[in-house]
Amino acid sequence: MSSPETRLELYDEDAESPSELMTGEMTVSSAPQNSSDPTAPNFNTLDEPIKDTVMRDVKAVGIKFYHVLIPREKNTLLKEWDLWGPLVLCTFMATILQGSSDDKFDGGPEFAQVFVIVWIGALIVTLNSKLLGGNISFFQSVCVLGYCLTPCALALILCRIILLAEQTTFLFFLRFLVASAGFGWATYASIIFLGDSQPPNRKALAVYPIFLFYFIISWLVISHTNV
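What this report covers is the structure whose coordinates are included nearby.

A few words now on the nonpolar core. Counting residues in each nonpolar core, the largest one holds 40 residues, and the members touching the most others are Met93, Leu145, Cys148, Leu149 and Tyr214. Of all the secondary-structure elements, those providing two or more residues to this core are α2 (50-69), α4 (84-97), α5 (111-131), α6 (138-147), α7 (150-162), α8 (169-194) and α9 (203-223). With eight residues, the top contributor of residues to this core is α8. With residues up to four places along the chain from it excluded, the contact list for Leu145 reads Ala122, Val125, Thr126, Leu194, Ile210, Phe213 and Tyr214.

Below is the structure:
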């Protein structure tokens, strides 16, 4: 794949006037489309409609959600990281988990508290990974941890639906099983993506904070009782 060819001409030896000395020409040829992957962007999107740009980004986010639910390709979330998915998930979960406006029945955290728990937790896990010698960038790790909240978010939706019925012991254990499944799947998916980035003799030290991070989020899900 050839690189764009740039030519800049600012001086002409045959110019007869000072004004001609200031004239110049800059031509930039467009980079050719990647023949090995026709769907890959050629990074020349200045003339691209906004709709196409937005739809491409939405599709990329959707693909990452899919690979979190079915974690087969380990490098999917690492090659082209973004924070749109984690931001959407964090905002959604914070909105659902926030406490009731009625002080009498308020038993849940505030929106900002959930937001801080998620992002500070991801920050601590990422710093721990870097200090242990992980070969992954800071934003790649935050991206993976954020996208892997998807099972916890799905568990929160199911628990919210279960809470619409009159609560019994059976329904409590059902919510417990749903939250536990979300916790296990989130932890498993994050380990799949982040496990190979750690030295073999330090994987346990890197996995333990991930376990605690998703355990706290799942605890918020199971303890949420406001409808």
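Considering all chains together, one arrives at two cavities of 30 Å³ or more under this definition. Among the secondary structure elements, those contributing two or more residues to the lining of the largest cavity are α5, α8 and α9. Among the elements that take part in the lining of the largest cavity, α9 stands out by supplying four residues, more than any other. Taken together, the residues of the lining of the largest cavity sort by class into six nonpolar, six polar and one charged. Space inside the second largest cavity adds up to approximately 40 Å³. Of all the secondary-structure elements, those providing two or more residues to the lining of the second largest cavity are α5 and α6.

The description of two packed helices rests on the angle between their axes and on the distance between the axes. For the pair α7 and α9, the least separation of the axes is 10 Å and the interaxial angle reads 15 degrees. When the axis of α7 is compared with that of α9, the two are roughly parallel. Crossing of α7 over α9 shows right-handed handedness. On α9, the residues that touch Cys152, Ala155, Leu156 and Cys159 of α7 are Tyr214, Ile217, Ser218 and Val221. Partitioned by chemical class, the residues of the contact of α7 with α9 number seven nonpolar, one polar and no charged.

Next up on the list: the packing of α8 against α9. Where α8 meets α9, the axes come as close as 9 Å, and the angle between the chain directions of the two elements is 150 degrees. With respect to α9, the axis of α8 lies roughly antiparallel. Helix-helix and strand crossings are classified by hand; for α8 and α9 the assignment is right-handed. Across the interface between the two elements, Phe172, Arg175, Phe176, Ala179, Phe183, Ala186, Thr187, Ser190, Ile191 and Leu194 of α8 pack against Val207, Ile210, Phe211, Tyr214, Phe215, Ser218, Val221 and Ile222 of α9.

Basis of the calculations
- Residues numbered from 1 in each chain as written.
- Predicted model: local features only at pLDDT ≥ 70, side-chain atom pairs only at ≥ 80, totals over all residues.
- Heavy atoms only, no water.
- Core = buried A, V, L, I, M, F, W, Y, C linked by side-chain atoms within 4.5 Å.
- Buried < 20%, exposed > 50% of the residue type's maximum accessible area, 1.4 Å probe, protein only.
- Helix = DSSP H or I, 4+ residues; strand = E, 2+ residues; numbered from the N terminus.
- Contact = heavy atoms within 4.5 Å.
- 1 Å grid on protein atoms, 1.4 Å probe; cavity = no way out; pocket = protein on both sides within 12 Å on 5 of 7 lines; lining within 4 Å.
- Points joined across faces, edges and corners; volume = space filled by probe spheres on them.
- Nonpolar A, V, L, I, M, F, W, Y, C, P; charged D, E, K, R; others polar.
- Axes fitted to C-alpha atoms, helices over the stretch in contact; angles between N-to-C directions.
- Parallel < 35°, antiparallel > 145°, perpendicular 65-115°, else oblique.
- Left-handed = near helix turned anticlockwise from the far one by under 90°.

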